[in-house]
Amino acid sequence: METQKNPAKRLPNKIEALIPIVVLLGIMISNYVFDWGQDPHIPVLMACAVAMLVGWRCGYNYKEMLASALDAVNQSLEAIIIILCVGCLIGSFEWCGTIPAVVYYGLKCITPGMFLPLACILCAIVGIALGSAWTVVATLGIAFMAIGETMGLHPGLVAGMILSGACCGDKFSPLSDSTNLAAGSAQTGLFDHVRAMVTTTFPSLVIAIVIYAVISLQGSASYDPQMANELSEAIVDHYAYMSPVLLLPVLFIIVVALLKIPAIPGVLLISVVGCIFAVIFQGANFSDCITMAHYGYSAETANELCDTLLNRGGMDSMLWTNNLVIIAVGFGGILQKIGAVESLLGSLIKKVKTPFQLIVVTILTSMFCITTMCDQYLGLIIPSSMYKDKYDELGLGRNMLSRTLEDGGTLWSPLIPWSSCGAYHSRILGVPTLTYLPFCFMNIINPIYAIITASYGGNILYADGSRTNVLGRLKTGGAPAGAPDDAHEKAMAALAKIRGAAKPEAARK
């Protein structure tokens, strides 16, 4: 008896590859245009079903596509657990009074005219120390949102400022998972990668801070301190104890980061510290600690803004985010299995002839992967696997690849409502993604700055360690960035050929 064979697997054509993406974007755009008010979960689930139909048409069976989706979820399982643990951390920090203390003393120390730039810088510094934009948003972010509201600032502006600083710090931190993944995907040294980002990320942050400073100075004239005073009074009246001692758990976060404790036990340990402070200073008991970790902190004061600040956290509060993460990452796994991105963008690499073109294609591919596959990690891994050989062919350093992945990938993820990062930050800060998107100046400026400078040959990093500065002038003498031996040899040979061909051309001129 002959067994029936499956039809030969093939890549979807461009129309087939676009169908699940168009379905997802069409539903989500309609949701915002027509104000349906729907969460993204079901639209992404519908897109999963459509992607599976396309995959079936291309010869993939259900079990293969489901296995790919589950494998993608499995790779993100640590992040999913971290999200739950962050819920516990927020609940404990609210109950012990740490987050309210940041608000209380922040209102006393930060003037409206300098709030946005100073808060952005602080978020960046703490982000570097922690290596996690998520933790910065869950602690300082919540506090700064409350401070910003007392100053009459647009919630989207404050959320954008927080994310600009937190994401920049995350990018520069050797402790960050995305920073390590970008370096690992490009097969270059971690600190080679971090140094490379100074050429584009740091100037972008400076530009963003200047913009925030201008906005702060313009808005400070209309500042009314009454709301800030009322919030401060409500915080002091509600908590049994309020002093700078309650700021110490924030320092424990930095200690945990410096000790290089892994993320999950690190966040749980900080949550325990918050519970201990709640017992010592706020009179909580063991049962209260379980409640704050599971359900978060619940309070009723006479101040509506104070209630908004305090009623947060708990593992339960993160289930909305995790549900979306699981569905969205699974969708990305299906698209990766059926080769949708390869079908749509694979032919682009044949047309790339210059470093500028390669940088543009890499950034756009990272953004495309995150937008359609809903996962920051895929936005780093897929473009790296597609284009790393091309970087060698153009004589570029592998740290050029890793830097470009972060310029277009890491910073783009918080700006997509249905991505894991976008869903998380929106939920924690209480601001819709599309509301804060226009104010994430750092996230928007960084890829634009990288593309503009590359257009005239600026900030290009070569395989031999040489580079061009922001003006496009070649600087030699640097150490080559880390790379596999065969890739480095290939890149060095290509670079010698390119520069050898350039010398006769320069002589003729």
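Since the structure is predicted, the reported quantities are computational estimates derived from the model, not experimental observations.

Thresholds, definitions, all that
- Residues numbered from 1 in each chain as written.
- Predicted model: local features only at pLDDT ≥ 70, side-chain atom pairs only at ≥ 80, totals over all residues.
- Heavy atoms only, no water.
- Phe/Tyr/Trp six-rings, centres within 6.5 Å; stacked < 30°, edge-to-face > 60°.
- Buried < 20%, exposed > 50% of the residue type's maximum accessible area, 1.4 Å probe, protein only.
- Lys NZ or Arg CZ within 6 Å of the ring centre and 35° of its normal.
- Helix = DSSP H or I, 4+ residues; strand = E, 2+ residues; numbered from the N terminus.
- Expected span 1.5 Å × (residues − 1).
- Contact = heavy atoms within 4.5 Å.
- Axes fitted to C-alpha atoms, helices over the stretch in contact; angles between N-to-C directions.
- Left-handed = near helix turned anticlockwise from the far one by under 90°.
- Nonpolar A, V, L, I, M, F, W, Y, C, P; charged D, E, K, R; others polar.
- Bend = angle between axes of the 7 residues up to and from the residue.
- pLDDT = per-residue confidence, 0-100.
- Salt bridge = Lys/Arg side-chain N within 4 Å of Asp/Glu carboxyl O.
- Patch = residues over 30% accessible without salt bridge, like charges linked within 9 Å, V, L, I, M, F, W, Y side chains within 5 Å.
- Areas by Shrake-Rupley, 256 points an atom, 1.4 Å probe, with all protein chains shown as cover.
- Core = buried A, V, L, I, M, F, W, Y, C linked by side-chain atoms within 4.5 Å.

Observations regarding the packing of aromatic side chains
Stage number 1. Enumeration over the complete set of coordinates arrives at 10 aromatic pairs.
Stage number 2. Here Tyr104 and Tyr105 contribute two aromatic rings whose centre-to-centre distance is 4.9 Å and whose plane-to-plane angle is 85 degrees, an arrangement assigned as edge-to-face.
Stage number 3. Judged by its relative accessible area of 15%, Tyr104 is buried.
Stage number 4. Here a set of aromatic residues connected by ring pairs shows up, and it is made of Trp95, Tyr239 and Tyr297.
Stage number 5. Of note, Arg499 hangs over the ring of Tyr462, and the distance from its end group to the ring centre comes to 4.9 Å.

With respect to helix 11 (residues 201–219)
Stage number 1. When the terminal C-alpha atoms of helix 11 are compared, their 27 Å separation across 19 residues agrees well with the 27 Å that a helix rising 1.5 Å per residue should span.
Stage number 2. Along helix 11, the residues that are buried comprise Thr201, Ser204, Leu205, Ala208, Ile209, Tyr212, Ala213 and Ser216.
Stage number 3. Packing partners of the buried residues in helix 11 comprise helix 6 (115–130), helix 8 (155–172), helix 10 (190–197), helix 21 (398–408) and helix 24 (441–455).

Quick word on the packing of helix 20 (residues 376–393) against helix 21
Stage number 1. The N-to-C vectors of helix 20 and helix 21 enclose an angle of 150 degrees; their axes lie 10 Å apart at closest approach. Classified by chirality, the crossing of helix 21 by helix 20 is right-handed. Of the residues in helix 21, those in contact with Gly379, Leu380, Pro383, Ser384, Lys388, Asp389, Tyr391 and Asp392 of helix 20 are Arg398, Met400, Leu401, Thr404, Leu405 and Glu406.
Stage number 2. A per-class count over the contact of helix 20 with helix 21 returns 6 nonpolar, 3 polar and 5 charged.

Description of helix 1 (residues 14–33)
Stage number 1. Across its 20 residues, helix 1 extends 27 Å between first and last C-alpha, which sits within 8% of the 28 Å expected from 1.5 Å per residue.
Stage number 2. At Pro20, helix 1 shows its maximal kink, close to 30 degrees.
Stage number 3. Where helix 1 is concerned, the buried positions are Glu16, Ala17, Pro20, Ile21, Leu24, Met28 and Asn31.
Stage number 4. One or two steps after helix 1, the chain reaches Asp35, where phi turns positive at roughly 55 degrees.

Considerations on the confidence of the model for the chain
Stage number 1. For the chain, the mean per-residue pLDDT works out to 87, and 96% of the residues sit at or above 70.
Stage number 2. Predicted confidence in the chain is weakest over helix 25 (residues 485–508), with a mean pLDDT of 77, and strongest over helix 24, with 95.
Stage number 3. Scored below 50 in pLDDT, residues 1–5 makes 0 contacts in the model with residues more than four places away or belonging to other chains.

A closer look at unusual backbone geometry
Stage number 1. With a phi angle near 55 degrees, Asp35 is a residue other than glycine that sits in the positive phi range.
Stage number 2. When you line up the elements, Asp35 lands in the loop between helix 1 and helix 2 (41–57).
Stage number 3. By relative accessible area, which is 65% here, Asp35 ends up exposed.
Stage number 4. Residues other than glycine seldom take positive phi values, yet Gln187 does so here, at roughly 60 degrees.
Stage number 5. The class for Gln187 is partly exposed, based on a relative accessible area of 37%.

A closer look at the pattern of salt bridges
Stage number 1. Inspection of every chain in the model, using the stated rule, returns 10 salt bridges.
Stage number 2. Its salt-bridge partner being Arg10, residue Glu16 comes within 2.9 Å of it at the nearest N-O pair.
Stage number 3. Take Glu16: its relative accessible area is 7%, and that puts it in the buried class.
Stage number 4. Taking the shortest distance from any N to any O, the salt bridge between Lys171 and Asp407 comes out at 3.2 Å. One end of the pair, Lys171, is in helix 8; the other, Asp407, is in helix 21, and 236 residues separate them in sequence. Here Lys171 and Asp407 have matching classes, each one buried.
Stage number 5. Through salt bridges with shared partners, a single ionic network connects Arg10, Glu16 and Arg57.

A closer look at a nonpolar patch on the surface
Stage number 1. A cluster of nonpolar side chains, contributed by Val255, Leu259, Ile261, Leu269, Val272, Ile276, Val279 and Ile280, occupies part of the molecular surface with about 680 Å² of accessible area.
Stage number 2. A total of 5 residues in the nonpolar patch trace back to one element, the largest contributor, which is helix 14 (residues 263–282).
Stage number 3. Checked against the element boundaries, Ile276 lands in helix 14.

Details of the nonpolar core
Inside soluble globular proteins, nonpolar side chains tend to come together where they are buried.
Stage number 1. Judged by nonpolar contacts, the single largest core of 101 residues is most densely connected at Val103, Phe115, Met161 and Ile162.
Stage number 2. Other than its neighbours up to four places away in sequence, Met161 contacts Phe115, Leu116, Ala119, Cys120, Tyr212 and Phe439.

A few points about the environment of His238
Stage number 1. Mapped onto the fold, His238 is located in helix 12 (residues 225–238).
Stage number 2. Exposure remark for His238: the relative accessible area of 27% places this residue in the partly exposed category.
Stage number 3. Residues His238 and Leu157 lie 81 residues apart in sequence; the distance between their C-alpha atoms is 29 Å.
Stage number 4. The contacts of His238, once residues within four sequence positions are left out, are Tyr297, Ala299, Thr301 and Leu310.

A short note on the environment of Ile211
Stage number 1. Looking at the element boundaries, Ile211 is found in helix 11.
Stage number 2. A relative accessible area of 29% places Ile211 in the partly exposed class.
Stage number 3. Distance from Ile211 to Pro117, taken between C-alpha atoms, is 8.3 Å for residues 94 residues apart in sequence.
Stage number 4. Apart from the residues within four sequence positions on either side, Ile211 is in contact with Phe441 and Ile445.

Some words on the environment of Ala143
Stage number 1. Along the chain, the position of Ala143 falls in helix 7 (residues 133–150).
Stage number 2. Assessed through its relative accessible area of 0%, Ala143 is described here as buried.
Stage number 3. A sequence separation of 41 residues divides Ala143 from Val102, and the C-alpha atoms of the two residues are 6.2 Å apart.
Stage number 4. Ignoring sequence-local partners within four residues, the contact set of Ala143 consists of Ile99, Val102 and Val103.

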